[in-house]
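An overview of the molecular structure
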Amino acid sequence: MGVGAAIGAIIGGAYGASSLAAGAYMAFFNAVLTGASLGAMFDRPSSKSSAYDPEFDVGNTMSQRVPVPIVYGRHKVTGNIIYRSEPGPKAVKNAYAKHQSDYKMFLLPYSNILDDPEPIIYAYTRTGYVGRGAPQYDWIKQEPTTYTIDRAMGEIEFNTPIPTYGKNPDKIVKANFSYKPTSSEEVDMCVGLSEGPIYGIESILVNDIPIESVLDATYDVYLGTDGQTPDTRNPNNEHFKHLAYLGCSFEANRQISSGLPTVSAIVLGRLVDVWNGEAWVNEFSHNNAFCLLDLLRDKRYGMGIPDRFINFNSFISAADYCDEVLSDGEPRYQLDVVLDAKKQAPDWVDQILLSFNAFLVYADGQIHLRVQRSIVPSQPFDMTNIAKESFTYQIVERKDVPNKFKVEFIDPDNPNGAWQMSPVIADNEVDQEMTGIRQRDIQLIGVIRPNQAGRLAAIYRDSAKRCKILCQYRTSIYALKCQVGDVITITHDLPGWVNKQFLIMSMEEMENDEARITCREFDPRVFHDRAIPYEPQPIS
């Protein structure tokens, strides 16, 4: 390597890759950033400039520009319509009988009164009374009645008179009717949900109603396997290989109006490669490290990074840390995310890293995954191995350090609006009272658990409070026993430090076989796993 070459550095958000596509790893390697993806309190944009607008809670779309979602873990998805049937013959939605405004008639289900020889008719009569103010009414459903219908005249004659109630009680023998046309009685749809194969579908919603409660609705689930068969609703006989999707049929009724219904699902996402302690197995997982590994490696929808460039042991170590069960009975970190918007691949990588306070390191020709946590320092530095007159340090000014963090996550169970961005607030109240509020907004789109969001919020707040010093110095490359992402100790006379801990952010080769090391203050007390309490707020 030449002078100025990076020996190693933390890599993060703006890699320059343009899409989730194979070959993007070249741009990934070529744009190495110092400090990116490390410490949301210093380098994360506020939500005003990069706010996440959840697309899993809007109507289905047929746009070809919307990418196929990638679902990891458990998440709600409103997918892309990949097939819909053509509109059929016009049907009658309602037929209204006219008689002194005391009687109303419906065709149930919405049969086609023009073509159906024996449409089912229910009569609704209304009771009324005159009290103080306007009359009050209540509709009573009568039993089906037999009738004779004259379609040309628009008349129905009832074989059994229908009693009415109200101010002018009567018995109806004949009534005129009119109709309101609507679209086809039945619509078939295929809705794409995720790159497959996925583990399964937890539930399906139609206009936010469980599909099992929708009259005359039928559906089939396709998990995105290689050998899945075509859905019979689709006359084009398309297999949609590698795509998890739903095939649905609906009939127009009081639950499904004339327009296309919105179909969404709670998806249990992709099967990914997981290390089980003895071998790699392909299974469903919430684990942040293994899901990130899948996105980095996959050549179809991911970044297509070859295995020789990945340090697998670092991913296994990070995965074990994520899976540790804490006192609240939950794993420390898990990933539940739907990648359903057009973003650059590194932006999605950065969002996944943010969900478990992690960063990527490129060192020794490989990508290493590190999770910020309390670890044993790998090497001490002092006046004997720090080059003379190379040592500098800087304390970040208070005005540049936030003392209030609004950390938003997606709460599936928020009583004010399910599957919406919801905030956890972490305050440094002492500093706020002294200097005023300096707020940083952070969005955790891969987090759906309140305790996980609360733990991360506490880390951001405490890191901002305790880790404000940046340091840089040179040392002999032959004396190095550490790498980027390691924790080290520094003892130096200039600031009066003794074994003060720092995290290495970058290492750069210099002249005379020296390396320039840039690091940031590190305090293991930050990683206490205590969550900021979460209180659901009304959705604005």
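The structure under discussion appears in the preceding block.
Keep in mind that this is a model prediction, so the values were computed, not measured. (Residues numbered from 1 in each chain as written. Predicted model: local features only at pLDDT ≥ 70, side-chain atom pairs only at ≥ 80, totals over all residues. Heavy atoms only, no water.)

1. Points about unusual backbone geometry
Looking along the chain, the bond that leaves glycine 196 and enters proline 197 is cis, with omega of 0°. Within the element layout of this structure, proline 197 appears in the loop between strand 12 (186-195) and strand 13 (198-206). Of note, asparagine 237 is a non-glycine position whose phi angle comes to about 60°, a positive value. You can see asparagine 237 is positioned in the loop between strand 15 (218-223) and strand 16 (243-251). Its identity as a non-glycine residue notwithstanding, glutamate 389 has a phi of 60°, on the positive side. Following the sequence through the fold, glutamate 389 ends up in the loop between strand 22 (379-381) and strand 23 (392-395). (Helix = DSSP H or I, 4+ residues; strand = E, 2+ residues; numbered from the N terminus.)

2. Some words on the sheet that holds strand 25 (residues 420-427)
In space, the three strands of this open sheet follow the order 25-24-26, with mixed pairing throughout. Looking at the sheet topology across the chains shown, the edges are occupied by strand 25 and strand 26 (439-444). Between one strand and the next, the sheet's axes are offset by a mean angle of 25°, whatever the strand orientation. Of the strand pairs in this sheet, strand 24 (residues 404-411) and strand 26 are connected by six bridges, and their pairing is parallel. Looking across to strand 26, one finds that lysine 406 is bridged to aspartate 441. Across the sheet, helix 8 (residues 450-466) touches strand 24, strand 25 and strand 26, and the angle it forms with strand 24 is around 160°. (Pairing = 2+ DSSP bridges. Axes fitted to C-alpha atoms, helices over the stretch in contact; angles between N-to-C directions. Contact = heavy atoms within 4.5 Å.)

Read these as geometric descriptors, not functional statements.
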